[in-house]
Amino acid sequence: MAGSRVLTWEVTESKGFETSWIMSGARSLRARGRAVGTVPEPYWISYELDTVDGFVTRRLCVRAETASGTRSLDLRHDGEGHWTADGDWLPDLGGALDCDLGLCPLTNTMPVLRHGLHLGPGEREFLMAWVSVPDLAVRASQQTYTHLGRTGDGGRVRFSSGDHRSDLELDAEGYVVDYPTMARRLAAA
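To start, this report covers the structure provided alongside it. Throughout, a residue's number is its position along its own chain's written sequence, starting from 1. Under the rules for a predicted model, residues below a pLDDT of 70 receive no local features and side-chain atom pairs below 80 are neither given nor counted, while totals for whole chains, interfaces and linings still include all residues. No hydrogens and no water enter the side-chain calculation; it runs on all heavy atoms of the structure.

**Description of the environment of V131**
- By the criteria applied, helices consist of DSSP H or I runs no shorter than four residues and strands consist of E runs no shorter than two, each listed in order from the N terminus. Checked against the element boundaries, V131 lands in strand β10 (residues 123-131).
- The rule is simple: take the accessible area with a 1.4 Å probe, protein chains only, and divide by the maximum for that residue type; under 20% is buried, over 50% is exposed, in between is partly exposed. Overall, the relative accessible area of 0% leaves V131 in the buried class.
- The contact partners of V131, leaving out residues within four places of it in the chain, are L60, L73, L75, D100, L101, G102, L136, A137 and V138. Residues count as neighbours in contact if any of their non-hydrogen atoms are within 4.5 Å of one another.

**Observations concerning the side chain of D100**
- With respect to the element layout, D100 can be found in strand β9 (residues 98-101).
- Think of it this way: Lys and Arg go in the positive column, Asp and Glu in the negative one, and His and the chain ends go nowhere. When a carboxyl oxygen of Asp or Glu is within 4 Å of a side-chain nitrogen of Lys or Arg, the pair counts as a salt bridge. Although D100 lies buried, it forms no salt bridge, and the closest oppositely charged side chain, R139, sits 8.9 Å away as judged by the N-O distance.
- Throughout this description, a polar contact denotes any pair of N or O atoms lying within 3.5 Å of each other; where both atoms belong to protein, one of them has to be capable of donating a hydrogen while the other can accept it, and for residues adjacent in sequence the pair is counted only when both atoms sit in side chains. Within polar-contact distance, the side chain of D100 engages the side chain of Q143 at 2.8 Å.
- In this structure, D100 is in contact with T107, M128, A129, W130, V131 and Q143, ignoring residues within four places of it in sequence.

**Details of the state of the cysteines**
- Two cysteine sulfur atoms make up a disulfide if the distance between them is within 2.5 Å. As enumerated under the stated definition, the model contains 0 disulfides in all.
- Here C61 is not disulfide-linked; the sulfur of C99 is the nearest cysteine sulfur, at 10 Å.
- The exposure class assigned to C61 is partly exposed, which follows from its relative accessible area of 24%.
- Unpaired in terms of disulfides, C104 finds its nearest cysteine sulfur in C99, a separation of 7.9 Å.
- The class for C104 is buried, based on a relative accessible area of 2%.

**Brief notes about the nonpolar core**
- Formed by 47 residues in total, the largest nonpolar core has its most connected members in I45, L60, L75, L106 and Y145.
- Once you skip the residues sitting within four places of it in the chain, I45 turns out to touch G33, R34, A35, V62, R63, A64, V133 and L136. Each nonpolar core is a collection of buried residues, namely Ala, Val, Leu, Ile, Met, Phe, Trp, Tyr and Cys, held together in the definition by side-chain atoms within 4.5 Å.

Put into structure tokens, the structure is as follows:
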């Protein structure tokens, strides 16, 4: 899984769209993306994501623009399980390896790739640094990913968090193709 890709999703949950420019290596990825949505309010989002070995989040920088103004977030993981948001320590995230940007199908990729859950059996529980959109609040989120089966070009993985459950379709490289009720990837031109 090395190379670059540009992926675009229709994000039905936000009544918007997202495009990610992704540079991937064998065990890490870097991405920058832009999203626009109208739910819960009209917004523009831009982000940069950087992971290190094992697809562990190192940094997520996000900027959100809404009618009420512009806000930004600099979320960092020190590689030792400690997180900061704009320099402030986040003790509730101790041990988390991944960020999860709300309404962003790209950030479901990292835990799936780390454990190959789109390709083979397994179930894993994760503590995530979840970032809500468009207010950019950060909170701890327990999530479970379960391999459901292979498809011709990838696999199906069940995502669950609290009362929410969705069966994701992923391509052979572990990127979301379909996240029912949230997003569906558009075909490349």
